[in-house]
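Listed below are the residues making up each chain.
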Amino acid sequence: MSSRSRLLLALMAWCLAAVAVVLPLVWLINNRDWGVALMLLVPFVVYGLLCLGRALEGWARATAPPSGR
């Protein structure tokens with residue numbers, strides 16, 4: 001797998017995870033009376049998405065280990 005395809009795969013995975021997490025959270029905050037309390041979770045959700053992005057970038061930019069020849 002080439003480096004470019006790994007970067008694209010990591011970007012697509014992060015975007016899918018971000019939409020899957022943020023969209024329901026925003027919907028709950030907007031449509032439920034108790035949703036305002038969920039705003040306390042938003043910084044932790046953002047931090048988690050940033051950590052996921054860093055981990056995916058590390059995976060995408062990793063190089064193959066040198067062969068032992």
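Refer to the preceding data block for the structure.
Since we're looking at a predicted model, the values are computed, not measured.

A. How the structure looks around the overall build of the chain. Per the secondary structure count, the chain includes 2 helices and 0 strands. For 69 residues, the compact-globule estimate of 2.2 N^0.38 gives 11 Å, and the chain exceeds it by more than 25% at 17 Å. Projecting the C-alpha coordinates of the chain onto the three principal axes gives extents of approximately 65 × 20 × 10 Å. Counting every position in the chain, which comprises 69 residues, the buried fraction comes to 13%. Taking contacts inside the chain between residues at least 6 apart in sequence as the whole, the part at least 24 apart equals 62%. When the accessible area of the chain is evaluated, it comes to approximately 5,700 Å², of which 72% is carbon and sulfur surface.

B. Region of interest: the packing of helix α1 (residues 3-31) against helix α2 (residues 42-61). Between α1 and α2, whose axes approach to 9 Å, the crossing angle comes to 170 degrees. Considering the angle they form, α1 stands roughly antiparallel to α2. Grouping the amino acids of the contact of α1 with α2 by side-chain chemistry returns 18 nonpolar, 2 polar and 2 charged.

C. The arrangement of α1 in detail. The first and last C-alpha atoms of α1 sit 42 Å apart over 29 residues, in line with the 42 Å expected at 1.5 Å per residue. Residues of α1 that are buried include every one of R6, A10, A18 and L25, and no others. Each element contacted by the buried residues of α1 is listed here: α2.

D. Here's a closer look at the side chain of R6. Positionally, R6 belongs in helix α1. Although R6 is buried, it forms no salt bridge, and the closest oppositely charged side chain is E57 at an N-O distance of 12 Å. Ignoring any residue separated from it by four or fewer positions in sequence, one finds R6 in contact with M1, W59, A60 and A62.

The rules we used
Residues numbered from 1 in each chain as written. Predicted model: local features only at pLDDT ≥ 70, side-chain atom pairs only at ≥ 80, totals over all residues. Heavy atoms only, no water. Helix = DSSP H or I, 4+ residues; strand = E, 2+ residues; numbered from the N terminus. Rg over C-alpha atoms; globule rule 2.2 N^0.38 Å. Buried < 20%, exposed > 50% of the residue type's maximum accessible area, 1.4 Å probe, protein only. Contact = heavy atoms within 4.5 Å. Areas by Shrake-Rupley, 256 points an atom, 1.4 Å probe, with all protein chains shown as cover. Axes fitted to C-alpha atoms, helices over the stretch in contact; angles between N-to-C directions. Parallel < 35°, antiparallel > 145°, perpendicular 65-115°, else oblique. Nonpolar A, V, L, I, M, F, W, Y, C, P; charged D, E, K, R; others polar. Expected span 1.5 Å × (residues − 1). Lys, Arg positive; Asp, Glu negative; His and termini not counted. Salt bridge = Lys/Arg side-chain N within 4 Å of Asp/Glu carboxyl O.

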